[in-house]
Amino acid sequence: MYAPNTKINPTPIILGIESSCDETAAAVICGRELLSSQIISSATEQAKYGGVVPEIASRAHTEAVDEVVNRALKEAGITANKLGAVAVTYGAGLLGALLVGLSFAKGLAYSLNVPLIGVNHIRGHLAAAYLVDKDLKPPFVTLLASGGHTAVLHTRSYLDFKVLGGTCDDAAGEAFDKVARVLGLSYPGGANVERLAREGQNTVKLPAALVKNSTRMQFSYSGLKTAVINAVHNAEQRGEDLSYADVACSFQHAAVDPLVKKTVECAKTLGVDVVTAGGGVIANGYLRDTLTKACQKAGIRCVLPEKKFCTDNAAMIAAEGLTQYLAGNFATLGLNACAQIPLIGG
Ligand code: KG4
Ligand code: ZN
């Protein structure tokens, strides 16, 4: 029978497991101290197909999950019997991929008789900031920019978020990926657009990713994406020279500047003096620089996860696992994988 001890230890050792997309990852934390973080990625295999093939992802997770957990325990210098809980991504993501990590986590939690914690992947991205500063406490304003979501949030407490505004169509990361394809760049697209953008200038006129004259704060990436496609096709048809590096750089400005501007505006309006951020797009160097500078100018502290903890990893899952652990939110062995869950649902 599975009846783990759920008495709260203020600094538990938690193993995090992540398998929602193409990275199989495991990490160990002790309180907010990160002891290890390991990733085995199937991205190179996926790149051959231009994106993530769910079946390949599930099979790759099956082959990698035991190995990645062993590596994480070894790097942390502990054996599994020192673990106080196992935290695992249960959604959102590819169902077959999620089930691999989830089933492994259940087996491990059961065999060790320790609590199982189900983590919302996006809440994991948001919790990555807690690994940067061990004393970081809400309230703050948080910019979420990932492959599936784009929003500015008011993080009112560890468990209470208010969405201040978001995208009305594509997510920022999705737009980076689509623009990468238009520019002939390989998967994963976002980092390749950034690389190309470094060689270019912001000289191509493109619409900013913001809905104008809206009473609500709304981002929009579909018009920007279409404008990039049109710029490339028109130049091709007219036989004109168009620097793809300039397109990448101009796109990056149009995609990122409104996110930075609105995040800082929200913090100022709410009188909040800390800004955090999470999600794969936060690995973007231009976004990091502009957000850091805009916050500095406004006298706001900006706490950004290290680049490697912006894209998918298990350290962030362990970090959110700690929040859920301290709140006493434990799962049963009946916890199921969910392809879609509300943005910030627990
Ligand atoms: O946050 P994430 O894991 O996605 C979701 O959980 O939904 O991040 C993946 C996204 C992809 O869309 C990828 O293109 C984008 O993050 N990304 C970047 C960079 N690195 C990853 N976008 C812009 N610049 C980067 N350096
Ligand atoms: Zn992610």
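Residues numbered from 1 in each chain as written. Chains lettered and ligands numbered in written order. Predicted model: local features only at pLDDT ≥ 70, side-chain atom pairs only at ≥ 80, totals over all residues. Heavy atoms only, no water.

### Regarding the coordination of the zinc ion (ligand 2)
Stated precisely, the cut-off is as follows: Any N, O or S atom lying within 2.8 Å of the metal counts as a donor, and for Na, K and Ca the limit rises to 3.2 Å; water is left out, so some sites can look incomplete. A run of H or I in DSSP counts as a helix once it spans at least four residues, and a run of E counts as a strand once it spans at least two, with each numbered from the N terminus. The cut-offs for exposure are 20% and 50% of the maximum accessible area for each residue type, with area from a 1.4 Å probe on protein chains only; residues under the lower value are buried, those over the upper are exposed, and the others partly exposed.
Distances from the zinc ion (ligand 2) to its protein donors, namely H121 (NE2), H125 (NE2) and D312 (OD), fall within the range 2.0 to 2.1 Å. All donors of the zinc ion (ligand 2) belong to a single chain; written as a sequence motif, their spacing is H-x3-H-x186-D. One end of the pair, H125, is in helix α4 (residues 121-127); the other, D312, is in the loop between β11 (301-303) and α10 (315-326), with 187 residues separating them in the sequence. The exposure class assigned to H125 is buried, which follows from its relative accessible area of 3%. The class for D312 is buried, based on a relative accessible area of 16%.

### A short note on the site of ligand 1
Heads up, the condition is: Nearness of a residue to a molecule or strand requires only that one of the residue's heavy atoms be within 4 Å of it. Contacts described as polar in this section are N or O atom pairs within 3.5 Å, which, within protein, must combine one atom able to donate a hydrogen with one able to accept it, while residues neighboring in sequence count only if both atoms come from side chains. Per-residue accessibility takes into account occlusion by the displayed protein chains alone, with areas from the Shrake-Rupley method and a 1.4 Å probe. Cavities and pockets are defined on a 1 Å grid built over the protein atoms alone: a cavity is a set of grid points where a 1.4 Å probe fits but cannot escape, while a pocket is an open set with protein on both sides within 12 Å along at least five of seven lines, and lining residues are those with an atom within 4 Å of any such point. To qualify as sitting in a cavity or pocket, a molecule needs more than half of its atoms within 2 Å of the grid points. Classification used: nonpolar for Ala, Val, Leu, Ile, Met, Phe, Trp, Tyr, Cys and Pro, charged for Asp, Glu, Lys and Arg, polar for all others including Gly. Boundary definitions for the domains trace back to an automatic or database domain assignment.
Residues in contact with ligand 1 amount to 19 residues; listed here are only the nearest, G147, D177, E194, G280 and D312. Between an oxygen atom of ligand 1 and a main-chain N or O atom of G147, the distance comes to 2.9 Å. G280 has a polar backbone atom sitting 2.7 Å from an oxygen atom of ligand 1. Alone, ligand 1 offers 550 Å² of accessible surface; in the complex the protein occludes 85% of this. Most atoms of ligand 1, that is more than half of them, are within 2 Å of grid points of the largest pocket. Counting residues per element, the shell around ligand 1 draws most heavily on helix α5 (residues 172-182), at four residues. By residue class, the composition of the shell around ligand 1 is four nonpolar, eleven polar and four charged. If you count residues domain by domain, the shell around ligand 1 takes at least three from each of domain 1 (13-128 + 311-326) and domain 2 (138-304).

### Focus: the sheet that holds strand β2 (residues 23-30)
Under the convention used in this document: Being paired, for any two strands, means DSSP has found at least two bridges between them. Whenever a helix is involved, its axis is fitted only over the stretch in contact; in every case the axis is a line through C-alpha atoms, and angles between N-to-C directions fall within 0 to 180 degrees. Should any heavy atoms of two residues lie within 4.5 Å, those residues are counted as being in contact.
In space, the five strands of this open sheet follow the order β3-β2-β1-β4-β5, with mixed pairing throughout. The sheet is open, and its two edges are formed by β3 (33-41) and β5 (116-120), each paired on a single side. On average, each strand axis in the sheet is inclined to that of its neighbour by 20°, with strand direction left out of account. The strands touched by helix α3 (residues 95-112) are β1 (13-18), β4 (85-91) and β5; relative to β4, the strand with the most contacts, the crossing angle is about 155°. Strands in contact with α10 are β1, β2, β3, β4 and β5; relative to β1, the strand with the most contacts, it is inclined by about 130°.

### Thoughts on empty space enclosed by the protein
Using the following cut-off: Grid points are joined across faces, edges and corners, and a volume is the space filled by probe spheres set on the points.
Enumeration according to the criterion identifies one cavity of 30 Å³ or more in this entry. Put simply, the largest cavity is a space of about 60 Å³. What lines the largest cavity is R123, L126, A127, Y130, F140, T142, T155, F161 and E320. Elements with a contribution of two residues or more to the lining of the largest cavity: α4 and β6 (140-145). At three residues, the largest contribution of residues to the lining of the largest cavity is made by α4.

### Some words on the pattern of salt bridges
How we decide: Salt bridges are counted wherever a side-chain nitrogen of Lys or Arg sits within 4 Å of a carboxyl oxygen of Asp or Glu.
Across all of its chains, the model carries 13 salt bridges by this definition. One salt bridge connects R301 with D133, and the closest N-O pair in it is separated by 2.6 Å. Taken together, the positions of R301 in strand β11 and D133 in the loop between α4 and β6 put the pair 168 residues apart, joining distant regions of the chain. Given the relative accessible area of 43%, R301 is considered partly exposed. For K225, the salt bridge identified is with D170, shortest N-O distance 3.4 Å. Taken together, the residues span a long stretch of sequence, with K225 in helix α7 (residues 222-238) and D170 in the loop between β8 (160-167) and α5 at a distance of 55 residues. A relative accessible area of 10% places D170 in the buried class. A network of salt bridges, in which partner residues are shared, links D170, E174, K178 and K225.

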